[in-house]
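Coordinate analysis (summary)
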Amino acid sequence: MDTSRLLDTLDAEGRSLATAARQAGTDATVPTCPEWRIADLLRHTGAVHRWAAGFVAEGLKRPRPLDAPPEVDGAELVDWYQDSHRTLVETLRTAAPDIDCWTFLPAPSPLAFWARRQAHETTVHRFDAESALSGPQVPQIPQVPQATHIPSAGPAVPAPSPVAPGFAVDGIDELLRGFHARSRSRVRTDEPRVLRVRATDTRLHTRADADADADTDADTDAVWTVRLSQEPPVTTRGADGPAECELAGPADQLYLALWNRVPIPQVSGDPALAALWRKLSGI
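A short tour of the structure in this document, coming up.

**So, the packing of aromatic side chains**
Scanning all chains against the criterion turns up 13 aromatic pairs. Here the aromatic rings of Phe 104 and Phe 179 are separated by 6.0 Å at their centres, their planes lie at 55 degrees, and the arrangement is tilted. Placement of Phe 104 in the loop between helix H3 (74–94) and helix H4 (110–134) and of Phe 179 in the loop between helix H5 (165–177) and strand E1 (193–203) is noted, with a sequence separation of 75 residues between them. Judged by relative accessible area, which is 4%, Phe 179 ranks as buried. Members of the aromatic cluster, connected to one another through ring pairs, are Trp 51, Phe 55, Trp 102, Phe 104, Phe 113, Trp 114, Phe 179 and Trp 259.

What follows is the structure, given as structure tokens:
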């Protein structure tokens, strides 16, 4: 995706995260990360924002640890997160296109890497924050007879905002071909296995999309083939050969499922491979 579009997404998602956090309150539990409160989510994401901005602003060539977040809570913590997000966005928007700094996944440039990584980091955690208001799933409306009286339950709470399909596809690609290509991926099998991942509601419509990936032709499904073994997973774009299990669904739900935020929409074939992903794919 174009870096400017990624930065627009990062900007919007961070603002939405802060709004949801302020509405939920920093003591609220995050159902998608049950061990976290909103305060933990803000401290983590804000610290990551400042960490990422530092590499670009200072042109750092080596990794360094995150700084500890401040010991504040409540509205002051939300304000600190907003300042962290604003600093990151401004740093990336004003950085020279040819900035040279440390990164940890392949990318066309360091600036493109940090824009993409932080856009997806923020989108997933925005979903976490909004889930603290409404739960991670879109509420299902029960089917009841027309004559049945339904008592008022108070104002409706909106479900978490959806993720744009094209952006979700980009995030799936980053996760499968970036994060899980690294040696630290724990998704391994004793014997070679093949897993397929398919977004069912989006296709590559332009030559530019296809040109971004030499393995993909225009007008093909957004699909990945993941080869598992005792080594790190090897993922290619496309449906190359048979697969023993397929994980499928709308791009935004598949994106969130692969980040272990919601259930996998559809599983066909060997469910053990789907269970393996859920168990071992955490980043």
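**Let's talk about the environment of Arg 278**
As for its placement among the helices and strands, Arg 278 is situated in helix H8 (residues 271–280). Overall, Arg 278 belongs to the partly exposed group, its relative accessible area being 33%. Along the sequence, Arg 278 and Trp 259 sit 19 residues apart, while their C-alpha atoms lie 8.8 Å from each other. Ignoring anything within four residues of it in the chain, the contact list for Arg 278 reads Ala 257, Asn 260, Val 262, Pro 263 and Ile 264. Side-chain polar atoms of Arg 278 contact the backbone oxygen of Val 262, separated by 2.9 Å.

**Examining the nonpolar core**
Ranked by size, the top nonpolar core spans 57 residues in total, and within it Leu 92, Trp 114, Ile 172, Val 197, Leu 247, Tyr 255 and Leu 258 carry the most contacts. Tallying contributions element by element places H4 first for this core, with seven residues. Core analysis: the next-biggest nonpolar cluster, separate from the first, contains 17 residues, Leu 17, Ala 20, Val 30 and Ala 129 among them.

**What to know about the environment of Asp 73**
Note on placement: Asp 73 falls in the loop between helix H2 (38–58) and H3. Taking relative accessible area as the criterion, Asp 73 reaches 34% and is therefore assigned partly exposed. Distance in space between the C-alpha atoms of Asp 73 and Leu 42 is 9.5 Å, their sequence separation being 31 residues. Setting aside its immediate chain neighbours within four residues, Asp 73 contacts Thr 26, Asp 27, Arg 37, Ala 39 and Arg 43. One polar contact links Asp 73 to Thr 26, side chain to side chain, over a distance of 2.6 Å.

What counts, and where the lines are drawn
- Residues numbered from 1 in each chain as written.
- Predicted model: local features only at pLDDT ≥ 70, side-chain atom pairs only at ≥ 80, totals over all residues.
- Heavy atoms only, no water.
- Phe/Tyr/Trp six-rings, centres within 6.5 Å; stacked < 30°, edge-to-face > 60°.
- Helix = DSSP H or I, 4+ residues; strand = E, 2+ residues; numbered from the N terminus.
- Buried < 20%, exposed > 50% of the residue type's maximum accessible area, 1.4 Å probe, protein only.
- Contact = heavy atoms within 4.5 Å.
- Polar contact = N/O pair within 3.5 Å; in protein donor to acceptor, adjacent residues only side chain to side chain.
- Core = buried A, V, L, I, M, F, W, Y, C linked by side-chain atoms within 4.5 Å.

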